[in-house]
Amino acid sequence: MTWSIVARDSRSGAFGVAIATRFFAVGALCPHAESGVGALSTQALINPHYGRQGLELLREGIAAAEVVQRLTAPDEGRDQRQLHVIDAAGRIGQHTGAKCVHWCGARAGDGYSVAGNMLANEKVIQETARAYEASPSLPFAERLIAALEAGEVAGGDKRGKQSAALIIHSTEEYPEL
């Protein structure tokens, strides 16, 4: 299911995840973030443990790519999962399982990662990234929403749309938004 963007705002240091899907209540299990630590999204046939475990590893200072490897390597369902992570240093880690439903893939840029599966086409990822890169002057939350809107215009989830979520963590232990 789904596509998402995980990012770190270079101005404020805030971490955010914006996600959209045909799946019901996507915000309940997929997006995760913590102030000063990082953000991640677990998607496709999600592993609900990736969120808590991933943030725990990020808190220990483990780089995003290593977090992805540590979470996916022992997971027998990894071929059907997608995970992308940004750490406190802005490094990216990505995993798209070999059995994720087409179109699936990911793209990383400076301070962000976009990943998706069951998408109408590859342009969903490309346009999400393009819109994020093209709008650095927008407030962080609006920038993430603009990126998702661009992906939706490009075709979005090939099954349609049912839910979306946005979380932003900045300076507090709880989400700012």
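Residues numbered from 1 in each chain as written. Predicted model: local features only at pLDDT ≥ 70, side-chain atom pairs only at ≥ 80, totals over all residues. Heavy atoms only, no water.

This brings us to the packing of aromatic side chains. Applying the stated criterion across every chain yields a total of 1 aromatic pair. With a centroid separation of 5.1 Å and 55° between ring planes, the pair formed by Tyr112 and Tyr132 is classed as tilted. Taken together, the positions of Tyr112 in strand E8 (residues 112–116) and Tyr132 in helix H3 (residues 123–133) put the pair 20 residues apart, joining distant regions of the chain. Tyr112 gets classed as buried once you look at its relative accessible area, which sits at 1%. The side chain of Arg143 reaches across the aromatic face of Tyr132, ending 3.7 Å from its centre. (Phe/Tyr/Trp six-rings, centres within 6.5 Å; stacked < 30°, edge-to-face > 60°. Helix = DSSP H or I, 4+ residues; strand = E, 2+ residues; numbered from the N terminus. Buried < 20%, exposed > 50% of the residue type's maximum accessible area, 1.4 Å probe, protein only. Lys NZ or Arg CZ within 6 Å of the ring centre and 35° of its normal.)

Judged by nonpolar contacts, the single largest core of 21 residues is most densely connected at Ile5, Tyr112, Tyr132, Phe140 and Leu144. Those elements that place two or more of their residues in this core are strand E1 (3–8), strand E2 (15–21), E8, H3 and helix H4 (140–153). It is H4 that provides the largest number of residues to this core, a total of 5 residues. Among residues more than four places away in sequence, those in contact with Leu144 are Ile5, Ala7, Gly16, Val17, Ala18, Tyr132, Leu166 and Ile168. Membership of the second largest hydrophobic core comes to 13 residues, among which are Leu55, Leu58, Ala64 and Val67. (Core = buried A, V, L, I, M, F, W, Y, C linked by side-chain atoms within 4.5 Å. Contact = heavy atoms within 4.5 Å.)

Our next topic: the pattern of salt bridges. Following the criterion strictly, the structure yields 8 salt bridges and no others. Two residues, Arg52 and Glu56, come together in a salt bridge whose shortest N-O distance is 3.8 Å. You can see Arg52 and its partner Glu56 sitting in helix H1 (residues 49–59), 4 residues apart, about one turn around the helix. (Salt bridge = Lys/Arg side-chain N within 4 Å of Asp/Glu carboxyl O.)

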